[in-house]
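# Residue-level structural notes
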Amino acid sequence: MRTVNEVSKLTGVSVRTLHHYDAIGLLKPTVFTDAGYRLYDDTALERLQQILLFRELEFPLKEIKVILESPDFDRNKALEQQITLLTLKKEHLENLLGLAREIKEIGVNRMDFTAFDTSKIDDYAAEAKAAYGQTPEYAEFAEKSKGRTKEETQRLNMQMMAIFTEFGTMNELPPNSEKVQTQVKKLQNFISEHFYNCSDEVLYSLGSMYSGDGRFTENINKAGGEGTAQFVSEAIRQYCNK
């Protein structure tokens, strides 16, 4: 556990900013001491990394909160976007550095302002934001989650994990069996009711993410036991291909 001052020194994020993130529900401390001091564990620091990542992509804090609490947040996709954006920024800085060195060595002998052009960076940041913000599912999720407390969000996430726990008790059955397929429908209905309209197409995409060896796979296997994520993914595939 780290105190708010330790987190600030480690990350470069000011204590005031960390307090603000707490106040708006973006980054809550893991626990409070008896004296009221904030303490953060590694999971909280990982979330802070994700927040800072989206800040680099120029997302508003309100949108970051919605994205991180979305059940289909894809951390790997976000990291790929961050790598691309940082690469573009690196190229931009190298162009500026080259121009500055040229001016120092030979003086200004041409009116070339291409090194100052940030359009590629701006266009990519806009494209990354659009990938999250322009889908009907995202808009519906944002609307449904508006005003939802942290406790309510945690309760919904626990209920969703309970569905995966139930899947774990069925893994000896064929994925296309009636009982398993009924459970898939239960999952689909739960997502539609509490998050966004989960069409068969959206559900199929979620199924692929569940078995993608990322955070989803890890959490689902924790809930239902080793192999549950792959089992759910196959059950969803068969459900959607009926």
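Please refer to the structure higher up on the page.
So, here's what we can say about the structure. For clarity, every value in this text was computed on a predicted model and none was experimentally measured. (Residues numbered from 1 in each chain as written. Predicted model: local features only at pLDDT ≥ 70, side-chain atom pairs only at ≥ 80, totals over all residues. Heavy atoms only, no water.)

### A word on the overall build of the chain
The secondary structure content of the chain amounts to twelve helices and three strands. Counting across all 242 residues of the chain, residues that qualify as buried make up 37%. Across the chain, contacts joining residues at least 24 apart in sequence account for 63% of those joining residues at least 6 apart. Put simply, the chain shows about 14200 Å² of open surface, and 52% of that area lies on carbon and sulfur atoms. (Helix = DSSP H or I, 4+ residues; strand = E, 2+ residues; numbered from the N terminus. Buried < 20%, exposed > 50% of the residue type's maximum accessible area, 1.4 Å probe, protein only. Contact = heavy atoms within 4.5 Å. Areas by Shrake-Rupley, 256 points an atom, 1.4 Å probe, with all protein chains shown as cover.)

### Describing the pattern of salt bridges
Applying the stated criterion to the full structure yields seven salt bridges. A salt bridge links Arg 237 to Glu 234; its shortest N-O distance comes to 2.6 Å. Residue Arg 237 and its partner Glu 234 are located together in helix H12 (residues 228-240), separated by three residues, close to a single helical turn. Accessibility expressed as a relative area gives 23% for Glu 234, which makes it partly exposed. Beyond isolated ion pairs, a larger network of salt bridges with shared partners links Asp 22, Lys 28 and Arg 38. (Salt bridge = Lys/Arg side-chain N within 4 Å of Asp/Glu carboxyl O.)

### Quick notes on the sheet that holds strand S1 (residues 2-3)
If you walk across this open sheet you meet the three strands as S1-S3-S2, and the pairing is antiparallel. Every interior strand has two partners, whereas the edge strands, S1 and strand S2 (31-32), have only one. Both S2 and strand S3 (residues 38-40) contribute to a ladder of two bridges, which runs antiparallel. If you follow Phe 32 over to S3, its bridge partner there is Arg 38. (Pairing = 2+ DSSP bridges.)

### Here we look at empty space enclosed by the protein
All chains considered together, the criterion is met by one cavity of 30 Å³ or more. Taken as a whole, the largest cavity spans an internal volume of roughly 50 Å³. (1 Å grid on protein atoms, 1.4 Å probe; cavity = no way out; pocket = protein on both sides within 12 Å on 5 of 7 lines; lining within 4 Å. Points joined across faces, edges and corners; volume = space filled by probe spheres on them.)

This is a description of form; function is not addressed.
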